[in-house]
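Letter by letter, the chains look like this.
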Amino acid sequence: MLKGITGKNHYLDRLRRDVRRDWWLYAMLLPGLIYIIIFKYLPMYGVTIAFKNYSIFKGFEDSPWCGMDNFVKLFARADFRRALENNIIISIEKLIFGFPTPIILSLMINEVRHKFTKKGIQTAVILPNFISWIVINGLLYAMFSTSSGVIVGVMRSFGLERPVPNILADKNSFRAVILISYLWKSGGFGTIVYLAAIAGIDQELYEAAQIDGANSVRIFFNITLPQIMPVVIFVVLISFIGSLKGFDQFYIMTRGGPARSTTTIMYYFYEVAFTNWKTGKGSAIAMVFTALVLAFTGVQRIISSRLSGAEGVN
């Protein structure tokens, strides 16, 4: 007991000495700390709304508690379960097809030896990331519109008058449009991380593999991929969480349609909380989404730790 008190006093004395010596560094830290407390931690009290029949006229304190009633009603609604299912399916599709795209692009760009050509290609594949979803939505409409789209115009110029399917209004095909537009927009941005990771690999490993007669495929699977695997796992998790949180693409391009096939959790949250003004249910949706993100983050940490342990053994 006495030892613990002594250690605590020693720590406090050391902290006081550090503050006196470097007070200007702590003063520089203070504005950021105040910002985080005010805008990040204090608003967390709003989580209590999820357990209340919240009314903006009664406020936080006077709104009656309802326990888990908001969550029970939420999971009983078919539209929420559909939004959750859509969110997971679309996110998995983006993960499966979006995971190899930047890696393949990075390997292809890395093989380009001409310096200016390499930079030009890299700029070209990264540039779509900075295009707004509003512009992309306009481009898709200009291409696939059944009345004035480019495809219809080309067909009419060749004398073809057969009807063109409206893929922008078909729930079976629009998910493919969502996926392809997502890959085109964000696929090149990951090449920045992967090219940096590839550049950090010891070149002697490649030279030794080439001396042993290894081809490009074996070099990739035996050297490149194992060396960049921690980066791959991190990028995959961040991308997956980003796709779970995706709102702007669906709000601008689909508004949850067609036939609610692209209604995701975040879009459903927007409808419930800011369109229907059901703040308690909206807060419950936000808590469910947070739990989902934390679960995937925990999975990533477990996989990363096991991978690091396996690499350490090897």
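Above this text sits the structure in question.
Residues numbered from 1 in each chain as written. Predicted model: local features only at pLDDT ≥ 70, side-chain atom pairs only at ≥ 80, totals over all residues. Heavy atoms only, no water.

Participant: How should the layout of surface pockets be read in this particular structure?
Facilitator: Rolled over the atoms, a probe with the dimensions of a water molecule shows which regions are left empty. In this structure, the largest pocket encloses a volume near 630 Å³. As for the largest pocket, its lining consists of 29 residues, and the residues nearest its centre are Asn129, Tyr182, Ser186, Ile238 and Ser239. Elements supplying a minimum of two residues to the lining of the largest pocket: α5 (78-98), α10 (171-186), α11 (191-199), α13 (216-244) and α14 (248-253). A per-element tally of the lining of the largest pocket places α13 first, with eight residues. Here the lining of the largest pocket is built from residues that sort into 15 nonpolar, eleven polar and three charged. Here the second largest pocket defines a volume of roughly 490 Å³. Asn110, Glu111, Tyr206, Ile219 and Thr224 are, among the 16 residues lining the second largest pocket, the residues nearest its centre. Those elements that place two or more of their residues in the lining of the second largest pocket are α6 (100-110), α11, α12 (203-211) and α13. (1 Å grid on protein atoms, 1.4 Å probe; cavity = no way out; pocket = protein on both sides within 12 Å on 5 of 7 lines; lining within 4 Å. Points joined across faces, edges and corners; volume = space filled by probe spheres on them. Helix = DSSP H or I, 4+ residues; strand = E, 2+ residues; numbered from the N terminus. Nonpolar A, V, L, I, M, F, W, Y, C, P; charged D, E, K, R; others polar.)

Participant: What am I meant to see in the environment of Ile178 here?
Facilitator: Turning to its location among the elements, Ile178 is positioned in helix α10. Since its relative accessible area comes to 2%, Ile178 is described here as buried. Placed 23 residues apart in sequence, Ile178 and Ile201 show a C-alpha to C-alpha distance of 35 Å. Beyond its immediate sequence surroundings of up to four residues, Ile178 is in contact with Lys94, Gln249, Phe250, Met253, Thr254 and Thr262. (Buried < 20%, exposed > 50% of the residue type's maximum accessible area, 1.4 Å probe, protein only. Contact = heavy atoms within 4.5 Å.)

Read these as layout, nothing more, since geometry by itself doesn't imply function.
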